[in-house]
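Breakdown of the fold
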Amino acid sequence: MSQSRRLALIGLVTVALAGCNLAPEYRQPTMPVADQFPDQPLLDYQQQSGELTVQNVAASALAGELGSAADIAWQQFFEDPALKALIALALEDNRDLQQAVARMDQAQAAWGVQRGALYPTLGANLSGSRQRAPLVSGTSPTITSQYNAGIAVTAFELDLFGRLRNLSESAFQQYLATREGARSVQITLVADVAIQYYRWRMTQVLKALTEQTLESRQRSFRLVQARFGRGVANQIEVAQSRSLVDAAAAALARYTRDEQVARNAMAVLIGQPIPDDLPQGLPIERLAQVQAIPAGLPSALLERRPDILAATNQLLAANANIGAARAAFFPTISLTGSFGRVSTSLDGVFSSGGTGWALTPSITTPLFAGGSLQAGLEQAKAVQRQAVAAYEQSIQQAFREVADALSGEATLGAELAARESETASAKRFLELSQARFFRGVDSFLDVQVAEVQFFQARQQVVLVAFERLSNRVNLYKAIGGGWDDSAIESKINQPDTAGPQTSADSSPSSSS
């Protein structure tokens with residue numbers, strides 16, 4: 001066989017081996033949940049008749065497609081100007097988000113380091129040496145000089161079995177997972193700021209409500225004292241009236257404290273003290289003005305939820321690590337070489353010097369490693385099984401969060417209507433009890449009972465309204481809504497678009 005044919009054959013074999021990939025073929029795990037969200041008991045409460053009707057409806061009937069809901073930007077989903085300003089501040093200065101972006105940049109840099117191993121490392125060098133030859137009988141000692149200048153390749157590994165490519169793919173998928181993690185942090189942050197804002201406004205309402213109750217009970221207490229002075233009321237009624245005042249004062253102290261705690265929590269979320277120049281928030285009766293949430297099929301969550309996408313990336317990374325562990329059983333071929341100019345004088349290196357080169361290939365074949373290679377492969381397989389379980393768990397968790405929020409959507413409206421009706425009835429009960437007491441028909445015990453019921457009913461209206469708002473926000477979060485590209489893109493280093501593909505379809509597959 002001629003020299004040219006021999007070289008061509010070697011080249012073909014090298015190219016064929018370079019395409020070898022020992023990673024297992026990637027297979028998307030099946031969804032461990034039902035194909036549909038469970039039917040919801042849609043409740044409706046008629047305040048006039050007191051009738052509560054229950055109708056089982058399909059979850060999809062609550063609204064339309066899931067994708068359109070997730071595409072609603074948070075700027076459109078929330079209508080309160082003050083809340084929008086607080087979310088914008090949080091996206092700029094929240095420390096959790098800054099840490100997530102830093103982790104993403106770190107993973108991107110690690111991918112770049114690993115990807116660099118796929119290419120030769122070239123280095124330029126300039127070196128020289130002088131040597132004095134020992135004395136030999138009949139000769140004079142001589143001094144010789146040699147100078148070298150050129151470029152060199154140091155231990156470049158030929159990736160014949162895909163070890164380096166799989167390690168690079170694993171690092172790339174880890175980077176994508178951290179990127180999805182940053183998206184998840186942002187979505188959670190938007191939801192947390194909204195819920196904390198509603199909690200803050202709720203404490204303000206409860207505080208104002210309690211102040212009104214305290215003033216009303218103080219007036220009643222003064223009237224009871226006056227009646228006692230005229231001998232109409234007794235000491236028990238005075239004590240009962242005073243206990244109502246004390247209870248309202250204690251509740252006011254608690255809600256004052258809760259308001260400050262809510263402010264402090266909001267300051268941590270936005271990463272700075274709450275500005276004094278916040279836009280005016282919506283009146284409390286209009287605070288519930290947020291977009292309705294459509295909810296579709298569970299399969300759409302796979303395309304929206306960043307935690308599921310991150311679990312997919314982790315699974316792809318584990319898949320690639322198996323390929324790298326398998327490749328460790330095969331020989332490793334590396335090349336070290338240099339090319340440059342050689343001269344006996346420094347001035348002549350780049351002018352009259354001669355050309356010199358060196359090539360040192362090496363091959364290393366594992367013969368005995370004490371079982372470490374097999375253990376490494378088993379470890380990679382175990383990590384893959386763990387990644388599959390984490391992927392399935394993330395789907396189950398997402399399914400539950402959406403189903404729970406849909407249940408809230410179907411029932412909280414009826415609960416709020418019933419609480420409002422209860423409040424109206426309790427107010428009427430209080431008015432009648434007070435009138436009968438001051439006419440001397442009933443004792444103050446009836447007034448006390450009515451006061452407590454009315455106050456508790458008003459509290460429940462506020463709490464259920466807050467729960468309804470929070471549930472709407474949690475549903476928005478559960479379907480992957482609240483993502484804003486500009487909030488994170490401006491903070492990160494853009495990845496090299498010439499790198500590996502980002503889709504699951506580009507995952508390594510087994511070949512030889």
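Below, the structure is looked at part by part. Fair warning: this is a prediction, and the values are worked out from it, not measured in the lab.

Examining the packing of aromatic side chains
In this structure the tally under the stated criterion is 11 aromatic pairs. Geometrically, the ring pair formed by phenylalanine 437 and phenylalanine 438 is edge-to-face, given 5.1 Å between the ring centres and 65° between the ring planes. Feature note: the residues Phe77, Phe78 and Tyr476 constitute an aromatic cluster, connected by ring pairs. The positively charged end of arginine 115 is found above the aromatic ring belonging to tryptophan 111, 4.5 Å away from the centroid.

Quick word on a nonpolar patch on the surface
A contiguous nonpolar patch, built from Ile151, Phe339, Trp357 and Leu359 and spanning about 510 Å² of accessible area, is present on the exposed surface. Tracing the backbone through its elements, the reader meets isoleucine 151 in strand 4 (residues 143-158).

What about the pattern of salt bridges?
Per the stated rule, a full pass over the model turns up 15 salt bridges. We note a salt bridge from arginine 201 to aspartate 80, for which the minimum N-O separation is 3.8 Å. On the criterion of sequence distance, the pair formed by arginine 201 in helix 6 (residues 163-229) and aspartate 80 in the loop between helix 3 (74-77) and helix 4 (81-93) is long-range, its members being 121 residues apart. Judged by relative accessible area, aspartate 80 falls into the buried class, the value being 3%. The residue arginine 242 makes a salt bridge to aspartate 246 at a minimum N-O spacing of 3.0 Å. Linking arginine 242 with aspartate 246, this pair stays in helix 7 (residues 235-270), spanning 4 residues, or about one helical turn. On the basis of relative accessible area, arginine 242 is assigned to the partly exposed category, the value being 42%. One continuous salt-bridge network, built from bridges that share partners, spans Arg305, Asp307 and Glu401.

Brief notes about the nonpolar core
Counting 49 residues, the largest nonpolar core has Phe78, Leu83, Ile87, Val193, Tyr197 and Tyr198 as the members making the most contacts within it. Secondary structure elements with two or more residues in this core: helix 3, helix 4, helix 5 (95-116), helix 6, helix 7 and helix 10 (444-478). Looking at this core element by element, the count peaks at 17 residues for helix 6. With near-sequence residues (within four places) excluded, tyrosine 197 lies in contact with Asp80, Ala82, Leu83, Leu86, Met266, Gly281 and Leu287. Ranked by size, the runner-up nonpolar core spans 17 residues in total, among them Leu214, Val238, Leu244 and Phe437.

Overview of the environment of isoleucine 151
Taking relative accessible area as the criterion, isoleucine 151 reaches 47% and is therefore assigned partly exposed. Residue contacts for isoleucine 151: discarding those within four places in its chain leaves Gly123, Ala124, Asn125, Gly337, Ser338 and Phe339.

Quick word on the sheet that holds strand 4
Strands sit in the order 3-4-5-6 across an open sheet of 4 strands; the sheet is antiparallel. The open sheet is flanked by strand 3 (122-132) and strand 6 (354-364), the only strands paired with a single partner. Across the sheet, the axes of successive neighbouring strands diverge by a mean angle of 25°, strand direction being ignored. Pairing of strand 4 with strand 5 (residues 332-343), which is carried by 10 bridges, proceeds in the antiparallel orientation. When the sheet's bridge partners are listed, glutamate 157 is paired in strand 5 with serine 334.

The rules behind the values
- Residues numbered from 1 in each chain as written.
- Predicted model: local features only at pLDDT ≥ 70, side-chain atom pairs only at ≥ 80, totals over all residues.
- Heavy atoms only, no water.
- Phe/Tyr/Trp six-rings, centres within 6.5 Å; stacked < 30°, edge-to-face > 60°.
- Lys NZ or Arg CZ within 6 Å of the ring centre and 35° of its normal.
- Patch = residues over 30% accessible without salt bridge, like charges linked within 9 Å, V, L, I, M, F, W, Y side chains within 5 Å.
- Areas by Shrake-Rupley, 256 points an atom, 1.4 Å probe, with all protein chains shown as cover.
- Salt bridge = Lys/Arg side-chain N within 4 Å of Asp/Glu carboxyl O.
- Helix = DSSP H or I, 4+ residues; strand = E, 2+ residues; numbered from the N terminus.
- Buried < 20%, exposed > 50% of the residue type's maximum accessible area, 1.4 Å probe, protein only.
- Core = buried A, V, L, I, M, F, W, Y, C linked by side-chain atoms within 4.5 Å.
- Contact = heavy atoms within 4.5 Å.
- Pairing = 2+ DSSP bridges.
- Axes fitted to C-alpha atoms, helices over the stretch in contact; angles between N-to-C directions.

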